[in-house]
Amino acid sequence: GESVGLHLPTLSVQEGDNSIINCAYSNSASDYFIWYKQESGKGPQFIIDIRSNMDKRQGQRVTVLLNKTVKHLSLQIAATQPGDSAVYFCAEDNFNKFYFGSGTKLNVKP
Amino acid sequence: GAVVSQHPSWVICKSGTSVKIECRSLDFQATTMFWYRQFPKQSLMLMATSNEGSKATYEQGVEKDKFLINHASLTLSTLTVTSAHPEDSSFYICSATPPVGGGTNEKLFFGSGTQLSVL
């Protein structure tokens, strides 16, 4: 099922530092996970994905870690930049329906 | 990459009127489209799954008579908010899945969203 957040937690980091954003997902049967970035008034933008047969995947400046035992995802952003400021959501593919986690607002301080 | 176009980007309407939002996959055929609703500072909530040529599947708690979904072709799905009320004011976002082997590893592409304000 879906997870809905009532409040968006905020993560504040200094420009150049690494950021770690966490997400708990709902269904142990979900086999595909995606991280999205959403800027105000826009649709979600794909960042990186991972399948359940992997526990780590790296992209450009981003790394996703998957811990199926505790149903936990994390997104690591290296050398965070002001342009990374946005809200970040994880999404799980549950039988070809995509449900979103509660989201984290990332605030990058120059 | 695959492009999903959503129109209009914002709409203001009077209470009691109906509003139609269009979602088009521009460069791929989407057998499945999804409609989400997002309230301020909250997550995206899946409203319904729309398959071309068949009735939409609604999530629990979403009124099918209130939110009419039509997926008449492989490139177009519409969401009609009927008899809109102020509590229906929200950001509505559509997404579409490209066919497997369609040249992309991504499974979901999003429109830019529609901000609905009901007065």
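Residues numbered from 1 in each chain as written. Chains lettered and ligands numbered in written order. Predicted model: local features only at pLDDT ≥ 70, side-chain atom pairs only at ≥ 80, totals over all residues. Heavy atoms only, no water.

Draft legend 1. Focus on the overall build of chain B. Within chain B, the regular secondary structure consists of zero helices and eleven strands. Shown N-terminal to C-terminal, the secondary structure of chain B runs as helices and strands in the order β-β-β-β-β-β-β-β-β-β-β. The globule rule puts the C-alpha radius of gyration for 119 residues at 14 Å, and the 14 Å found for chain B is close to it. With the C-alpha coordinates of chain B rotated into their principal frame, the extents come out at 45 × 25 × 20 Å. Evaluated residue by residue, chain B yields a buried proportion of 51% over its 119 residues. Considering only residue pairs separated by 6 or more positions, chain B has 55% of its internal contacts joining residues 24 or more positions apart. Summed over its atoms, the accessible surface of chain B is roughly 5,700 Å², and 52% of this surface lies on carbon and sulfur atoms. A distance of 4 Å separates the average location of the 9 positive side-chain charges in chain B from that of its 9 negative side-chain charges. (Helix = DSSP H or I, 4+ residues; strand = E, 2+ residues; numbered from the N terminus. Rg over C-alpha atoms; globule rule 2.2 N^0.38 Å. Buried < 20%, exposed > 50% of the residue type's maximum accessible area, 1.4 Å probe, protein only. Contact = heavy atoms within 4.5 Å. Areas by Shrake-Rupley, 256 points an atom, 1.4 Å probe, with all protein chains shown as cover. Lys, Arg positive; Asp, Glu negative; His and termini not counted. Charge placed at Lys NZ, Arg CZ, Asp CG, Glu CD.)

Draft legend 2. The arrangement of the pattern of salt bridges in detail. The full count for this structure, using the stated rule, is eight salt bridges over all chains. We note a salt bridge from R61 of chain A to D84 of chain A, for which the minimum N-O separation is 2.9 Å. Of the two residues, R61 of chain A sits in the loop between β5 (56-58) and β6 (62-67) while D84 of chain A sits in the loop between β7 (72-77) and β8 (86-94), which places them 23 residues apart along the sequence. Overall, R61 of chain A belongs to the partly exposed group, its relative accessible area being 30%. Residue class for D84 of chain A comes out buried when judged on its relative accessible area of 8%. With a shortest N-O distance of 3.1 Å, K97 of chain A and E59 of chain B are connected by a salt bridge. One end of the pair, K97 of chain A, is in strand β9 (residues 97-100); the other, E59 of chain B, is in the loop between β6 (57-58) and β7 (67-73), on a second chain. Linked by salt bridges that have partners in common, K37, E39 and K42 of chain A make up one network. (Salt bridge = Lys/Arg side-chain N within 4 Å of Asp/Glu carboxyl O.)

Draft legend 3. Local environment of the pairing of strand β2 (residues 19-24) of chain A. Residue and element names in this part refer to chain A. Side chains S19, I21 and C23 of β2 all project onto a buried face; the interleaved residues I20, N22 and A24 project onto a face where none is buried. By the bridge criterion, six bridges tie β2 to β7 in an arrangement that is antiparallel. The residue bridging C23 from the neighbouring strand is L73, located in β7. (Pairing = 2+ DSSP bridges.)

Taken by themselves, the reported measurements are silent on function.
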